[in-house]
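One letter stands for each residue in the lines below.
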There are 2 protein chains.
Amino acid sequence: MKARVHVMLKNGVLDPQGEAVRHALGSLGFEGVDGVRQGKVIELDLAETDAAKAKATVTEMCEKLLANTVIESYSVEIA
Amino acid sequence: MKARVHVMLKNGVLDPQGEAVRHALGSLGFEGVDGVRQGKVIELDLAETDAAKAKATVTEMCEKLLANTVIESYSVEIA
């Protein structure tokens, strides 16, 4: 079973990486880019076959390791 | 208009970051994690209102800046 986790900085937390991308896009001549946020995506290949259990396990992984919940939010998709 | 870009290392390209996550999950007692790949997600806030044009622009951004197409693949979602 595959799981995909998105980890993004929370709104209000400065995102210098995203800001750098926005600036670089402007330098390359791309106009009309109002905002850029950059985050992480983590794709997991799990032995678990039950979707609900897999989601619970991955949520625990996020809380313990994958996201810093003080400044980052995460979302879990099971496919 | 919002766009989301996923940039992942191509299959066959070593992903030491994903491997480190897999190892750390094992150390924390999570079993049955067969593979981990880590990539980037970039959320763009665009002034463009036409979905087809936005997708074309973002694809050009990927080719020019956001992805290193030698080792990375990307996908664009317009929302």
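Refer to the structure presented above.
An account of the accompanying structure is given in this report.

About the cut-offs
Residues numbered from 1 in each chain as written. Chains lettered and ligands numbered in written order. Predicted model: local features only at pLDDT ≥ 70, side-chain atom pairs only at ≥ 80, totals over all residues. Heavy atoms only, no water. Least-squares fit on C-alpha atoms with pLDDT ≥ 70 in both. Contact = heavy atoms within 4.5 Å. Pairing = 2+ DSSP bridges. Helix = DSSP H or I, 4+ residues; strand = E, 2+ residues; numbered from the N terminus. Axes fitted to C-alpha atoms, helices over the stretch in contact; angles between N-to-C directions.

Overview of the relation of the copies chain B and chain A
Reasoning step 1: Once chain B is rotated about the relating axis by 180 degrees and shifted along it by 0.0 Å, it coincides with chain A to within an RMSD of 0.0 Å. Those values place the two copies in the arrangement expected of a two-fold rotation axis. Relative to the rotation axis, the closest C-alpha in chain B is found at K40 of chain B, a distance of 2.3 Å.
Reasoning step 2: Both copies present the same face, since 100% of the interface residues in chain B are matched by interface residues at the equivalent positions in chain A.

Remarks on the sheet that holds strand 3 (residues 72–78) of chain B
Reasoning step 1: As summarised here, the arrangement of the six strands in space is 3(A)-1(A)-2(A)-2(B)-1(B)-3(B), forming an open sheet in which the pairing is antiparallel. Strands with a single pairing partner mark the edges of an open sheet, and in this sheet they are strand 3 (72–78) of chain A together with strand 3 of chain B. Between one strand and the next, the sheet's axes are offset by a mean angle of 25 degrees, whatever the strand orientation.
Reasoning step 2: Two strands pair when backbone bridges link them, and strand 1 (residues 2–9) of chain A and strand 3 of chain A are joined in this way by seven bridges, in the antiparallel orientation. For L9 of chain A, the partnering residue across the bridge sits in strand 3 of chain A and is E72 of chain A.
Reasoning step 3: The strands touched by helix 1 (residues 16–27) of chain B are strand 2 (33–46) of chain A together with strand 2 (33–46) of chain B; relative to strand 2 of chain B, the strand with the most contacts, the crossing angle is about 125 degrees.
Reasoning step 4: Sitting on the sheet, helix 2 (residues 51–66) of chain B is in contact with strand 2 of chain A together with strand 1 (2–9), strand 2 and strand 3 of chain B, with an inclination near 160 degrees to strand 3 of chain B.

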